[in-house]
Amino acid sequence: MGLLLISFLVLLMLGVPIFIALAGSSLLYTHFLTRVPDFVVLHRMAGGVDSFPLLAVPFFILAGNLMNSAGITNRIFDFAIAAVGWLRGGLGHVNVVASVIFAGMSGTAVADAGGLGTIEIKAMRDHGYKTDFSVGITAASSTIGPIIPPSLPMVIFGVMANVSIGQLFAAGIVPGLLVALALMIYTSWYARRYGIGRDQAFKLKTLGRTFVSAVPAMMTPVIIIGGMSFGIFTPTEAAIAACAWALLLGTVLYRSLSWKHFYKISMETIETTAAVLIIVGAASLFGWVLTITQVTQAVTDLLLSISRDPLVLLLLINVLLLVVGCFMETIAAISILVPVLMPVVNAAGIDPVQFGVVMVLNLMIGLLTPPVGMVLFILSRVANISFDRTVRAVLPFLGPLLIVLLLVTVFPWITLAVPNWIYR
């Protein structure tokens, strides 16, 4: 066990890609300290990605890329301005509402930050907002993407934990809206404190026009959740339906997607999918080695020796996940930690659907914390400011996110009400 963990940490500190650190440390352990043949290692890695629900991964990535590249983000932003731009601190609220709408299409925080972030930060700067506030609210609102369905991290969690992806999607709706509400409350307080006014007057005609333009795009989450809720298709088939709808919007309705552009999007999707799946395969191998070395049992015994109270255990796991999120990419963290923590969750009687939402929300906060916060790096480039300044800009927005995390942890009904209603 020592060789496994030490080699993994050493490889991480050397800066090698996460999948090499996972697979390399596992191979060192199995080759030198066990009699497991090398072909069994390859079989375990292949088995880790041989899962029907994982087929949803490339299709959700493709759907998000299509939505992000077919001129849809501008329509969403225009509608959000018409809907809430008349509030004090208008563009701050617009930022959050646009992220809620875009969350139903992209499923990733990085796509939100890179797609909408460019538009939002420029607009806020043009209207006189401080750069730090613009970057901070954009970063915080991007975390809504993987909480409100569809969600790529929840697909990975569902596969690793053998939990219904449809129920996970439904469970993310209320927490995602709570995050949006918390950020809008903070924006209102900030606007009053610093004397920020409204960005435009409310016009019903403008609201109606922008709504009509944006409503086809906003139908994406309705198609996904509605189709799964009524048993029309599985989560994997829902991802395919989302791609078909995005193609229809880009090529027929909006006519903003050319074949040349589609080819570029497809290549980007293949690259992203390959990166995700190779991490999942390597993490599956690493998780298997942790199991045969009884690390998972040791962690279970340790946590249960501290307390068997579900709330206490969830709070302890929250601390662990917040620390891990600072140093590890989301998909890798889910793939590694789910096999370790699920025995504890099951033994304590914690609902795995609630735990899935808690885990994803924790790791989304990790995207906003150094040294490995991907959203920080993206917005640093988008806003053309230093990484250190980006970190300082985001810090005040961690408060609302942590409050929502605490509420979701303490009150399970927040996450379970919708899935219990849909899947009863």
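Asks: Before we go on, may I ask you to explain the overall build of the protein chain in this structure?
Replies: Check the secondary structure of the protein chain and you find 22 helices and zero strands. For 424 residues, the compact-globule estimate of 2.2 N^0.38 gives 22 Å, and the protein chain sits close to it at 22 Å. Here the C-alpha coordinates of the protein chain stretch approximately 70 × 45 × 45 Å along the principal axes. Buried positions account for 54% of the 424 residues belonging to the protein chain. In the protein chain, 78% of the contacts between residues at least 6 apart in sequence involve partners at least 24 apart. For the protein chain, the exposed surface amounts to about 17,900 Å²; the carbon and sulfur share of it is 68%.

Asks: What should I look at first to understand the packing of aromatic side chains in this one?
Replies: Remark: the centre distance and the inter-plane angle together describe each pair of aromatic rings, the angle taken between the planes. Scanning the model with the defined rule gives eleven aromatic pairs in all. Plain terms: the ring middles of Phe411 and Trp413 are 6.4 Å apart, the flat faces sit at 50° to each other, and that makes the pair tilted. Taking relative accessible area as the criterion, Trp413 reaches 58% and is therefore assigned exposed. The rings of Tyr129, Phe133, Tyr186, Trp189, Tyr190, Tyr194 and Phe397 are connected pair by pair, giving a single aromatic cluster.

Asks: Sorry if this is basic, but what is going on with the side chain of His93 here?
Replies: The residue His93 is located in helix H6 (residues 90-106) in this model. Judged by relative accessible area, His93 falls into the buried class, the value being 2%.

Asks: Before we go on, may I ask you to explain the environment of Ala171 in this structure?
Replies: Structurally, Ala171 is set in helix H10 (residues 165-171). A relative accessible area of 0% places Ala171 in the buried class. Linking Ala171 and Phe8, residues 163 residues apart in sequence, is a C-alpha distance of 34 Å. In this structure Ala171 touches Val353, Val357, Thr415 and Pro419, once residues within four positions along its chain are discounted.

Asks: What's the story with the nonpolar core in this structure? I'm lost.
Replies: Side chains of a nonpolar character, in soluble globular proteins, are inclined to be buried together. Formed by 144 residues in total, the largest nonpolar core has its most connected members in Phe157, Phe169, Phe355 and Met359. In contact with Phe157, not counting residues within four places along its chain, are Asn162, Val163, Leu168, Ile334, Val338, Met342, Pro352, Phe355, Gly356 and Met359.

Definitions and cut-offs
- Residues numbered from 1 in each chain as written.
- Predicted model: local features only at pLDDT ≥ 70, side-chain atom pairs only at ≥ 80, totals over all residues.
- Heavy atoms only, no water.
- Helix = DSSP H or I, 4+ residues; strand = E, 2+ residues; numbered from the N terminus.
- Rg over C-alpha atoms; globule rule 2.2 N^0.38 Å.
- Buried < 20%, exposed > 50% of the residue type's maximum accessible area, 1.4 Å probe, protein only.
- Contact = heavy atoms within 4.5 Å.
- Areas by Shrake-Rupley, 256 points an atom, 1.4 Å probe, with all protein chains shown as cover.
- Phe/Tyr/Trp six-rings, centres within 6.5 Å; stacked < 30°, edge-to-face > 60°.
- Core = buried A, V, L, I, M, F, W, Y, C linked by side-chain atoms within 4.5 Å.

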